[in-house]
Amino acid sequence: MAGIFRSLGELQLPTVPEDMVPMPVSGLPVVGEVMMVLFILLALLLVGNFIDIIPHLADSILRARGSTALEGSVRVSRDRNIIALVFVIPAIVIMYRYCLYYPDFVKDMPPNTRLWTTMGIFVGYLLLRYLLFIWLKPRRSDAYYMSYKAGYSFFILLCLVAFLTLGILALFHAGDRTVRTFMLVEVILFYAVYFFRRGQILSTNCNPFATFLYLCALEILPTGLFVASALVF
């Protein structure tokens, strides 16, 4: 009789809400490990260039004219562009590892396939931004060009903050969901500051209405599509 009551008293429903179930990623697939090795090798080759551009990157985020000063140096601008390209590698790996981009259609994919899909969509997002930049380029393009290139500086700084955050959270043995929350908050904050700075730079050559239209076409449209693809699909 006691056994019957014990069986009747057992809780059959999940003890954890479905949306709190741990994320399905516990490591990196082979492709991800190869990408990180490649990034480390490239980072070691570019460490001197990176140290040289740090003050310029900090100036870019602190004031709009910092981007003007950075673009005024061909060497610094070139190094910044190369480093931003290299940082795309760990950005994709972090997006995969902590499910920053995790729409329904990738959830059942094998790890390597999901990583390639994440990479393809992120590269497609960057390509769309570039195509819109080329298509809408005005005759007077100095401020227009600088506002676009400022995104490279903010991207590098975002990656650096993400690396630092990952290191600190690892010391405290934070779970994947905690790390994911921190990463998303940092992305939103950096993008908001960049959006504001880009508007400031554009406003030096454009009236307020034209600045608003450029921001809608160059930022809100591609980023909105990227976010919508994660939420809707």
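No experiment lies behind these values; they were computed from the predicted model shown.

1. Considering the packing of aromatic side chains
When we look at a pair of aromatic rings, we describe it by the centre distance and by the angle of the planes.
Then, number 1: All told, the structure shown has 17 aromatic pairs when counted by the stated rule.
Then, number 2: Every member of this aromatic cluster is reached through a ring pair, and the members are Tyr130, Phe133, Tyr144, Tyr148, Tyr152 and Tyr214.
Then, number 3: One cation-aromatic arrangement involves Arg97 over Tyr98; the distance from NZ or CZ to the ring centre is 4.8 Å.

2. Some points on the confidence of the model for the chain
Low pLDDT means the predicted atomic positions in that stretch should not be read closely.
Then, number 1: Per-residue confidence for the chain averages 85 on the pLDDT scale, and 89% of its residues sit at or above 70.
Then, number 2: Across the chain, helix 5 (residues 111–135) holds the top mean pLDDT of 94, while helix 1 (residues 2–8) sits lowest at 42.
Then, number 3: Note that residues 1–22 has pLDDT below 50 and, in this model, 5 contacts with residues that lie over four places away or in other chains.

3. What to know about the packing of helix 2 (residues 30–62) against helix 4 (residues 74–97)
Then, number 1: The N-to-C vectors of helix 2 and helix 4 enclose an angle of 145 degrees; their axes lie 8 Å apart at closest approach. Helix-helix and strand crossings are classified by hand; for helix 2 and helix 4 the assignment is left-handed.
Then, number 2: Residue classes in the contact of helix 2 with helix 4 are distributed as 18 nonpolar, 3 polar and 4 charged.

4. Notes on the pattern of salt bridges
Pairing is possible between side chains of opposite charge, provided their charged atoms come close.
Then, number 1: If you walk through the whole model with that rule in mind, you get 7 salt bridges.
Then, number 2: The salt bridge partner of Arg80 is Glu71, with a shortest N-O separation of 2.6 Å. You'll find Arg80 and Glu71 in the same group, each marked buried.
Then, number 3: Between Arg78 and Asp79 there is a salt bridge, and its shortest N-O distance comes to 3.5 Å.
Then, number 4: Take Asp79: its relative accessible area is 6%, and that puts it in the buried class.
Then, number 5: Salt bridges sharing common partners tie together Arg75, Arg78 and Asp79.

5. A short note on the side chain of Ser153
Then, number 1: Within the secondary structure, Ser153 is located in helix 6 (residues 142–171).
Then, number 2: Within polar-contact distance, the side chain of Ser153 engages the side chain of Arg80 at 2.9 Å.
Then, number 3: With residues up to four places along the chain from it excluded, the contact list for Ser153 reads Leu57, Ser60, Leu70 and Arg80.

6. Re helix 2
Then, number 1: Its 33 residues give helix 2 an end-to-end C-alpha distance of only 39 Å, which falls more than 12% under 48 Å, the value for a rise of 1.5 Å per residue.
Then, number 2: For helix 2, the principal kink sits at Leu46 and spans about 60 degrees.
Then, number 3: Looking only at helix 2, the buried set comprises Val31, Gly32, Met35, Phe39, Phe50, Ile53, Leu57 and Ser60.
Then, number 4: Packed against the buried residues of helix 2 are helix 3 (65–71), helix 4, helix 5, helix 6 and helix 7 (176–203).

7. Quick word on the packing of helix 7 against helix 8 (residues 208–232)
Then, number 1: Close contact between helix 7 and helix 8 brings their axes to 9 Å; oriented N to C, the two are set at 150 degrees. Between helix 7 and helix 8, the interaxial angle falls into the category roughly antiparallel. Considering how the two elements wind past one another, helix 7 and helix 8 form a crossing that is right-handed. In this structure, helix 7 contributes Tyr191, Tyr194, Phe195, Arg198, Gly199, Leu202 and Ser203 to the contact, and helix 8 contributes Thr211, Tyr214, Leu215, Leu218, Glu219, Ile220 and Thr223.
Then, number 2: Its residues placed into classes, the contact of helix 7 with helix 8 shows 8 nonpolar, 4 polar and 2 charged.

8. A word on unusual backbone geometry
Where the residue is not glycine, phi is negative for most of them; where a peptide bond is considered, it is trans in most cases.
Then, number 1: Despite not being glycine, Cys99 has its phi angle at roughly 55 degrees, a positive value.
Then, number 2: Considering the arrangement of structural elements, one finds Cys99 in the loop between helix 4 and helix 5.
Then, number 3: Non-glycine residue His173 carries a positive phi angle of around 55 degrees.
Then, number 4: If you trace the backbone, His173 turns up in the loop between helix 6 and helix 7.

Rules of the game
Residues numbered from 1 in each chain as written. Predicted model: local features only at pLDDT ≥ 70, side-chain atom pairs only at ≥ 80, totals over all residues. Heavy atoms only, no water. Phe/Tyr/Trp six-rings, centres within 6.5 Å; stacked < 30°, edge-to-face > 60°. Lys NZ or Arg CZ within 6 Å of the ring centre and 35° of its normal. pLDDT = per-residue confidence, 0-100. Helix = DSSP H or I, 4+ residues; strand = E, 2+ residues; numbered from the N terminus. Contact = heavy atoms within 4.5 Å. Axes fitted to C-alpha atoms, helices over the stretch in contact; angles between N-to-C directions. Left-handed = near helix turned anticlockwise from the far one by under 90°. Nonpolar A, V, L, I, M, F, W, Y, C, P; charged D, E, K, R; others polar. Salt bridge = Lys/Arg side-chain N within 4 Å of Asp/Glu carboxyl O. Buried < 20%, exposed > 50% of the residue type's maximum accessible area, 1.4 Å probe, protein only. Polar contact = N/O pair within 3.5 Å; in protein donor to acceptor, adjacent residues only side chain to side chain. Expected span 1.5 Å × (residues − 1). Bend = angle between axes of the 7 residues up to and from the residue. Parallel < 35°, antiparallel > 145°, perpendicular 65-115°, else oblique.

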